[in-house]
Amino acid sequence: MVTGRTLSARVGTLVLTLWLVSILVFFAGQVLPGDVGRVMLGPFADAQAVAELNKRLGADQPVLVQYWRWFSNALTGDFGTSLSMRAPVALLVLESLKRSAALAGIILVFLVPLGVGAGVIAGLNAGRLIDRLIVMAGVSFGIVPDFVSGLMLLIVFGLWLNWFPISGVAPDGAGFWTNGYYLILPALPLVLNLAGYIARMTRAGVIEAMAADYTRTAVLKGLERREIIFRHLLRNALTPTVAVLATQTGYMLGGLVVIEALFGIQGLGNLVLNAAKARDFPMLEAGVLMMAAIFVLSAAAGDLVLALLDPRQRRRASS
């Protein structure tokens, strides 16, 4: 099991990383062109009125003072008010996060069985035709950009065949399954893009596990092939795949920006994109910080799961 020392180290690293990210996000927002008062009052507002608003909002204070006020408020969940939408940033980010989480959930529902299953089949049949086809298909889909595959899937399955709706937003009052149905087509571009890489990592783990001593011992004992695969091979073969799934979260977040814009989903990626266009600094800073937190938490969760599955990782972390 994971020791308290290991867990404390993970939590400490997590907190430090998020704090450093908060500094980077805030100061990056400060160097963007424009200021809060001008954004709120418009490009034709009187300069004196803009200066008075900046003073009332504290935007004329030193940057370090502004950061400390923003950071201390953020610790309580207060990220300020959106300049473009005139609503609390925290509520807007949480609402968009729910939509992005639903899309990410659909992606994982298809991605994990497809990527892991294809990798296991390829690894068990290494060097054969099925192995070459899986690797070739994974590489081919992996090099196609998300927006290209998204447009192709939208045209083919949304417009020509009419199998799926071209929008990723279900009607108001739609149930759980209807909402999931509307998210299938937006999820497919990222599923196809990521499945190949996960399949190759799983394939490599399976091939390595098949050549290991514990697998050879199980074969010499006369155990059935199915028992060898499920009891001895998969647990060790899937260990690197867990780490890969965790690290792919960052790529998935980047892909969500494109996919949400393409299918009209008002998720976290679309929120950050619109905030950048509108120079909505509080929204932009909170959205980017949330994305960074998701990435860091996913990586930390992957490390912990990896430590649970692999005793060598536990010993390395303890030392």
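Worth saying up front: this structure is predicted, and the values here are computed from it rather than measured. Sequence order as written defines residue numbering, which begins from 1 separately in each chain. pLDDT decides what is reported in this predicted model: residues at 70 or higher carry local features, side-chain atom pairs at 80 or more are listed and counted, and totals for whole chains, interfaces and linings draw on all residues regardless. No hydrogens and no water enter the side-chain calculation; it runs on all heavy atoms of the structure.

### Here we look at the packing of aromatic side chains
Planes of paired rings set the category: under 30 degrees apart is stacked, over 60 is edge-to-face and the rest tilted, where pairs are Phe, Tyr or Trp rings (Trp by its six-membered ring) whose centres lie within 6.5 Å. In total, this model carries seven aromatic pairs according to the counting rule given. A centroid spacing of 5.5 Å and a plane angle of 45° characterise the contact between Phe157 and Trp163, whose relative ring orientation is tilted. Only protein chains enter the area calculation, which uses a 1.4 Å probe; residues under 20% of their type maximum are buried, those over 50% are exposed, and those in between are partly exposed. A relative accessible area of 23% places Phe157 in the partly exposed class. Pairing Phe176 with Trp177 gives two aromatic rings, centres 5.2 Å apart and planes at 80°, and the pair type is edge-to-face. Since its relative accessible area comes to 68%, Phe176 is described here as exposed.

### Quick look at helix α5 (residues 89–124)
The secondary structure listing takes helices from DSSP runs of H or I that are at least 4 residues long and strands from runs of E that are at least 2 residues long, numbered from the N terminus. A helix is expected to span 1.5 Å multiplied by its residue count minus one. When the terminal C-alpha atoms of α5 are compared, their 50 Å separation across 36 residues agrees well with the 52 Å that a helix rising 1.5 Å per residue should span. What is called the bend at a residue is the angle between a pair of axes, fitted to the seven residues leading up to and ending at it and to the seven starting from it. Remark: the principal bend of α5, roughly 30°, maps to Leu111, with a proline, Pro113, within the next four residues.

### Quick word on the pattern of salt bridges
Criterion for a salt bridge: a side-chain nitrogen of Lys or Arg within 4 Å of a carboxyl oxygen of Asp or Glu. Throughout the structure, instances matching the rule amount to two salt bridges. Close ionic contact of Glu95 with Lys98 constitutes a salt bridge, the shortest N to O distance being 3.6 Å. With Glu95 and Lys98 both in helix α5 and three residues apart, the pair spans about one turn of that helix. Assessed through its relative accessible area of 39%, Glu95 is described here as partly exposed.

### A look at the UniProt feature "transmembrane region" (unreviewed entry) in the protein chain
Feature annotation in UniProt places "transmembrane region" (unreviewed entry) on residues 12–32, 101–121, 133–160, 180–199, 241–266 and 286–309, given in this structure's numbering. For residues 133–160, the end-to-end C-alpha separation is 27 Å, with 89% helix and 0% strand making up the annotated structure. Taken end to end, residues 180–199 is 100% helix and 0% strand, and its two terminal C-alpha atoms sit 25 Å from one another. UniProt positions are given in the numbering used here, feature names are shortened, and annotations may be inferred rather than shown by experiment.

### Some points on the environment of Ser140
By the element assignment, Ser140 lies in helix α6 (residues 129–142). Here the alpha-carbon distance between Ser140 and Asn193, two residues 53 residues apart in the chain, equals 8.8 Å. Under the rule applied, a polar contact is a pair of N or O atoms within 3.5 Å (in protein, one hydrogen donor and one hydrogen acceptor; residues adjacent in sequence only if both atoms are side-chain atoms). For Ser140, the side chain forms a polar contact with the main-chain oxygen of Met136, separated by 2.8 Å.

### Thoughts on helix α12 (residues 268–277)
Residues of α12 that are buried include every one of Leu268, Gly269, Asn270, Leu271, Val272 and Ala275, and no others. One or two residues past the end of α12 sits Arg279, with phi positive at roughly 55°.

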